[in-house]
Amino acid sequence: MAVRHFLDLCDAGADALAAMIDDAQRRKAARADWPRGRADADAPLAGHVLAMVFEKNSTRTRVSFDIAMRQLGGSALVLDSASSQLGRGESIADTARVLSRMCDAIMLRTDDHAKAEEMARHASVPVINGLTDRSHPCQTVADLLTVIEHGKPLPGLELAWFGDGNNVLHSLLEAAGLFRFNVRVATPPGYEPESEFVELARAGGAQVLLTGDAAAAADGADVVVTDTWVSMGQDHAAEKLAAMAPFQVNEALMARAKDDARFLHCLPAHVGDEVSEGVFEGPQSVVFDEAENRIHAQKSVLLWCFGRL
Ligand code: CP
Ligand code: NVA
């Protein structure tokens, strides 16, 4: 079997992603109330080690991959650029070849997506994208799991995104094409998602609305999603923040969505900017289910990469 990398959702495809979400639900249910560090009964990745390479900060991705590996019976270690030779200029290619001799898989969080592709080209073990400037596929697996758990099937789903057309939105658009759900994207002009992802969604049969009208995007939505207005590595430009203000997810905007709409945010959140406190802390917010689901989703991604799904 060729090495299975997970740099974007298309690497797995719709059938494998559906299998991942099913398996995540099954494993999650089987270990409800167990201590988080205890391995699943079958410990399918016993003896396996994941190297986690961070060139950007992380809380959820770091902890969820570590706990995911423990629950699958394996373990994980962290290299950050500041304290590894990557930070002193050792190449991605050499790092990939060394880690492939010492570990069973590599998770990379970095800026330029080309670095993740370079890692995958030179690694002989699976490489997983733990976020790049371009995409965040692991987040989307957790988001889809969360949406399904909250009783919203994917076909025909109306997902509304507000604010910056960023990496998290790109992966949601990719999922929309794979699962045929519709996405309304409300951004200020100049902050739209990359057209490649819009086209990918449309080519898969999803309807994608790009609009500057936040209210229109929210009308009748099943799921309302936002993210930080300033992603890691971006400037806190005053003009960007001013342009984003009308796209805040607040009570008035949320009231336009369906009564049973859910609010998602990958976190970390900037309450008072992209989301009001009332929505973030309100009954429609499922952001902490979403955060927990990073563990369950990650386990499925890892199992797929190792050919166990
Ligand atoms: N959502 C997410 O990826 O969070 P971290 O940056 O904390 O990993
Ligand atoms: N768009 C954000 C996501 C963080 C999880 C960023 O790239 O910083």
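Residues numbered from 1 in each chain as written. Chains lettered and ligands numbered in written order. Predicted model: local features only at pLDDT ≥ 70, side-chain atom pairs only at ≥ 80, totals over all residues. Heavy atoms only, no water.

A. Highlighting the overall build of the chain. Along the backbone of the chain there are 12 helices and 9 strands. Compactness check: the chain gives a C-alpha radius of gyration of 19 Å against a globular reference of 19 Å for 309 residues, within 12% of the reference. Seen through its C-alpha atoms, the chain measures out along the principal axes to roughly 55 × 45 × 35 Å. Nonlocal contacts in the chain, meaning residues at least 24 apart in sequence, comprise 76% of its contacts between residues at least 6 apart. (Helix = DSSP H or I, 4+ residues; strand = E, 2+ residues; numbered from the N terminus. Rg over C-alpha atoms; globule rule 2.2 N^0.38 Å. Contact = heavy atoms within 4.5 Å.)

B. Broad picture of the site of ligand 2. Taken together, Leu131, Asn166, Asn167, Val168, Asp227, Thr228, Ser231, Met232, Cys266 and Leu267 make up the full set of residues near ligand 2. Aspartate 227 places a side-chain nitrogen or oxygen 2.7 Å from a nitrogen atom of ligand 2. Protein contacts shield 94% of the accessible area of ligand 2, which totals 270 Å² for the unbound molecule. Of the residues assigned to the shell around ligand 2, the class counts are 5 nonpolar, 4 polar and 1 charged. (Near = heavy atom within 4 Å. Polar contact = N/O pair within 3.5 Å; in protein donor to acceptor, adjacent residues only side chain to side chain. Areas by Shrake-Rupley, 256 points an atom, 1.4 Å probe, with all protein chains shown as cover. Nonpolar A, V, L, I, M, F, W, Y, C, P; charged D, E, K, R; others polar.)

C. Looking closely at helix H3 (residues 92–102). Of all the residues in H3, the buried ones are Ile92, Ala93, Thr95, Ala96, Leu99 and Ser100. What you see down the axis of H3 is that its buried residues fit within an arc of 160 degrees, all on one side. Those residues of H3 that are exposed and angled more than 90 degrees off the buried face are Arg101 and Met102. Buried-residue contacts for H3 involve strand E1 (49–54), strand E2 (75–80), strand E3 (105–109) and helix H4 (113–122). (Buried < 20%, exposed > 50% of the residue type's maximum accessible area, 1.4 Å probe, protein only. Arc of directions from axis to C-beta.)

D. Geometry of the sheet that holds strand E4 (residues 127–129). Pairing is parallel in the open sheet, where 4 strands are placed in the order E2-E1-E3-E4. Looking along the sheet, the strands with just one partner apiece sit at the ends: E2 and E4. Each adjacent strand pair in this sheet contributes to an overall mean axis angle of 20 degrees, direction not counted. Pairing analysis gives 3 bridges linking E3 to E4, with the strands arranged parallel. Bridge pairing in E4 links leucine 108 to asparagine 129. (Pairing = 2+ DSSP bridges. Axes fitted to C-alpha atoms, helices over the stretch in contact; angles between N-to-C directions.)

E. Spatial organisation of the pairing of strand E6 (residues 182–186). Within E6, 5 of the 5 residues are buried, leaving the element largely enclosed by the surrounding structure. What you see with E6 is no split at all: Asn182, Arg184 and Ala186 on one side and Val183 and Val185 on the other are buried throughout. Sheet topology note: the strand E5 (residues 158–162)/E6 ladder contains 5 bridges and is parallel. Directly across from tryptophan 161, in E6, lies its bridge partner valine 185. Note on the crossover from E5 through helix H6 (residues 167–179) to E6: the handedness is right-handed. In terms of strand pairing, E6 meets strand E7 (residues 208–211) through 4 bridges, oriented parallel. (Right-handed = clockwise from strand over helix to strand, strands pointing away.)

F. Structural view of the environment of glutamate 90. The topology assignment puts glutamate 90 in the loop between E2 and H3. By relative accessible area, which is 33% here, glutamate 90 ends up partly exposed. Leave out the neighbours within four places in its chain, and glutamate 90 touches Gln85 and Thr95.

G. Local environment of the packing of aromatic side chains. As enumerated under the stated definition, the model contains 2 aromatic pairs in all. With a centroid separation of 6.1 Å and an interplanar angle of 65 degrees, the aromatic rings of phenylalanine 6 and tryptophan 304 are classed as edge-to-face. Residue phenylalanine 6 is found in the segment before helix H1 (13–30), and its partner tryptophan 304 is found in helix H12 (residues 287–305); the two are separated by 298 residues along the sequence. Each member of the pair, phenylalanine 6 as well as tryptophan 304, carries the same accessibility label: buried. Note on phenylalanine 280 and phenylalanine 288: the rings are 6.0 Å apart at their centroids and 80 degrees apart in plane angle, and the pair reads as edge-to-face. For phenylalanine 288, a relative accessible area of 54% translates into the label exposed. (Phe/Tyr/Trp six-rings, centres within 6.5 Å; stacked < 30°, edge-to-face > 60°.)

H. A look at the UniProt feature "binding site: L-ornithine" (unreviewed entry) in the chain. Feature annotation in UniProt places "binding site: L-ornithine" (unreviewed entry) on Asn167, Asp227, Ser231 and Met232, given in this structure's numbering. For the annotated residues, spread through 66 residues, the largest C-alpha to C-alpha distance comes to 11.6 Å, consistent with a single compact locus. Exposure remark for asparagine 167: the relative accessible area of 7% places this residue in the buried category. Not counting chain neighbours up to four residues away, the residues in contact with asparagine 167 comprise Leu131, Thr132, Asp133, Arg134, Ser135, His136, Asp227 and Ser231. (UniProt positions renumbered as here; feature names shortened; annotations may be inferred.)

I. Quick peek at the site of ligand 1. If you check the shell around ligand 1, you find Ser58, Thr59, Arg60, Thr61, Arg109, His136, Gln139, Cys266, Leu267 and Arg294 and nothing else. In the environment of ligand 1, an oxygen atom lies 2.9 Å from a nitrogen or oxygen atom belonging to the side chain of histidine 136. A distance of 2.9 Å separates a nitrogen atom of ligand 1 from a polar atom in the side chain of glutamine 139. Coverage of ligand 1 by the protein amounts to 95% of the 260 Å² it exposes when considered alone. Tallied by class, residues from the shell around ligand 1 come to 2 nonpolar, 5 polar and 3 charged.

J. How the structure looks around the environment of arginine 60. Among the secondary structure elements, arginine 60 is positioned in helix H2 (residues 60–71). Spatially, the C-alpha atoms of arginine 60 and isoleucine 295 are 8.7 Å apart, while their sequence positions differ by 235 residues. Residues contacting arginine 60, with those up to four places away along its chain left out, are Phe65, Cys266, Leu267, Pro268, Ala291 and Arg294.

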